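# Coordinate analysis (summary)
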Amino acid sequence: MASGKRPPFLGIFGLLLTACGHPALPAETPAPEPPTEAPSKEPAKPAEVQKPHVLERSEARERRLNQEAIDASKVQINAQAPTADALELFIIEQGPSEPWVAVVANRTSRSYQVEANPGLLSLRVQVPGKKEPFVCAPPKSERPSDTSSTQQVDLQSGEALLYRFDVRWLCFREATESVLVPGSLVEAHFGWPTLKKTRWTKGKREEYTPEQKAPFVAQGSTAVGEAAPPEAQAAAAKAKPKKAPTGAAPVDPTAMKEVLSAQLALSQAYAEPAIPDNGQAPLELSLPHGSDATDAAQVVVDIGLKNRSGAAQKLFFRRELLTFNVLGENGRVRCQPEPDDRAPDRNAFMTLAPGQFMSVPNRMVELCPTGAFSAPGLYRVTASLTATDSGKELGLNAFTGTLNAVNTAWVRLRRKSTDEARTMVKFSLNASAPAARD
């Protein structure tokens, strides 16, 4: 939104500016993707004109990517000695642009019943200079509150569960990254938070872990080769459970509320990318906001314009002069409205005072090909503006040239239910084991 006195061009762009605040608007027919080749003499089919370039996401591709992650995980996990007689959580960090890998491994002598729901994975990130850690978690709609919507998996000794995930999906930021930065310390949690309480003992305040109540992320069974005889099992079934004293550990010592990973530090690879060089251009193009949406019709990306010079600047601005490049679940998609051949009049040129900033929201469904935001996931958006009309014939000297946005905007398209979430893959930690199975 423009700061200070409202300029006269806002009347022309009323439809754009009334969208500020990102309300859900009625869906409209999106503009078709402009052809990249000379048109054929035969009429083009509408479906082919509007269809974006879609990255194939077949089951075979998913199996291949999972198998590659499994092979890499085995090497790293088997090179480390078990840290405790319980389930372990490993996080394999592969940089800001590649999926991370989470592995729940059972290297004990017993089997476990595990709630294999990816929505139970979260991160605690200690950002340099911040007192409290930042919690990165899936949207509330995708995180189970109890075990009613989860799937139990029998995890035998020597088996593990693997999940590939986009770390920026969990630590979502619409524009400037402030959590996943160099030096941040990341600890992963899988399950439900362990309940902690405080008490006073001899005048000192101390924290303790009381008896935990369901739900549990995992519960162990009898160790391998140590099955109880039938008589003992029958006696145990008839016996009344003993009530644990206040402040005691769980009655079942193998029951786990959550599994924690070792802490890892983010490298310089997570530094913000270099700002595009726009030369000595007096104007700066930015992307102040992306979207955290549940539907493609709600995806809005703001365009920001700032006059960074010491003199007033005029600009002929129309959204058909913008080009958005989207990289996400559907591959690479180019979003550009149909050209507007109308000759601009004097009122069509905006004026930005020195230091003035204005923001214009853009509903991406109106600018992008059909299906550009059809799949839940994370989308990276960049933009450029090409201004070609100086207004010379009107006695004006407006800015002309190409501006590249100085930052990236992100769009998170949420899943509508936990049923749409990707599942965890079970595999054997044995180096010579067969391929993974779901």
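Residues numbered from 1 in each chain as written. Predicted model: local features only at pLDDT ≥ 70, side-chain atom pairs only at ≥ 80, totals over all residues. Heavy atoms only, no water.

## Some words on the packing of aromatic side chains
- For the structure shown, the criterion picks out 5 aromatic pairs.
- A ring pair is formed by Trp 100 and Tyr 270, whose centres lie 6.4 Å apart and whose planes are at 90°; its orientation type is edge-to-face. Taken together, the residues span a long stretch of sequence, with Trp 100 in strand β2 (residues 100-105) and Tyr 270 in the loop between β13 (264-265) and β14 (283-286) at a distance of 170 residues. When sorted by exposure, Trp 100 lands in the same class as Tyr 270, which is buried.
- Seen in terms of ring centroids, Tyr 163 and Phe 165 are 6.2 Å apart; in terms of plane orientation they differ by 15°. Their pairing is stacked. This pair shows no difference in class: Tyr 163 is buried, exactly as Phe 165 is.
- Positioned over the ring face of Tyr 208 is Arg 199, at 4.0 Å from the centre of the ring. (Phe/Tyr/Trp six-rings, centres within 6.5 Å; stacked < 30°, edge-to-face > 60°. Helix = DSSP H or I, 4+ residues; strand = E, 2+ residues; numbered from the N terminus. Buried < 20%, exposed > 50% of the residue type's maximum accessible area, 1.4 Å probe, protein only. Lys NZ or Arg CZ within 6 Å of the ring centre and 35° of its normal.)

## Overview of the sheet that holds strand β25 (residues 425-428)
- Read across the sheet, 4 strands follow the order β1-β2-β7-β25 without closing on themselves; strand pairing throughout is antiparallel. Looking at strand neighbours, the two that pair on one side only are β1 (88-92) and β25, the edges of this open sheet. Within this sheet the neighbouring strands show an average axis-to-axis angle of 25°, counted without direction.
- Alignment of β2 against strand β7 (residues 159-165), held across 6 bridges, turns out to be antiparallel. Looking at β7, one finds that Val 103 is bridged to Leu 162.
- Across the face of the sheet, helix α3 (residues 59-78) comes into contact with β1, β2, β7 and β25 while running at roughly 120° to β7. (Pairing = 2+ DSSP bridges. Axes fitted to C-alpha atoms, helices over the stretch in contact; angles between N-to-C directions. Contact = heavy atoms within 4.5 Å.)

## Topic: the sheet that holds β14
- Pairing is antiparallel in the open sheet, where 3 strands are placed in the order β14-β16-β21. Across the chains shown, the open sheet's two edge strands, defined by having one partner strand only, are β14 and β21 (357-363). Neighbour-to-neighbour, the strand axes of the sheet open up by a mean angle of 20°, direction not taken into account.
- The pairing of strand β16 (residues 300-307) with β21 spans 7 bridges and is antiparallel. Note that in β21 the partner of Val 300 across the bridge is Arg 363.

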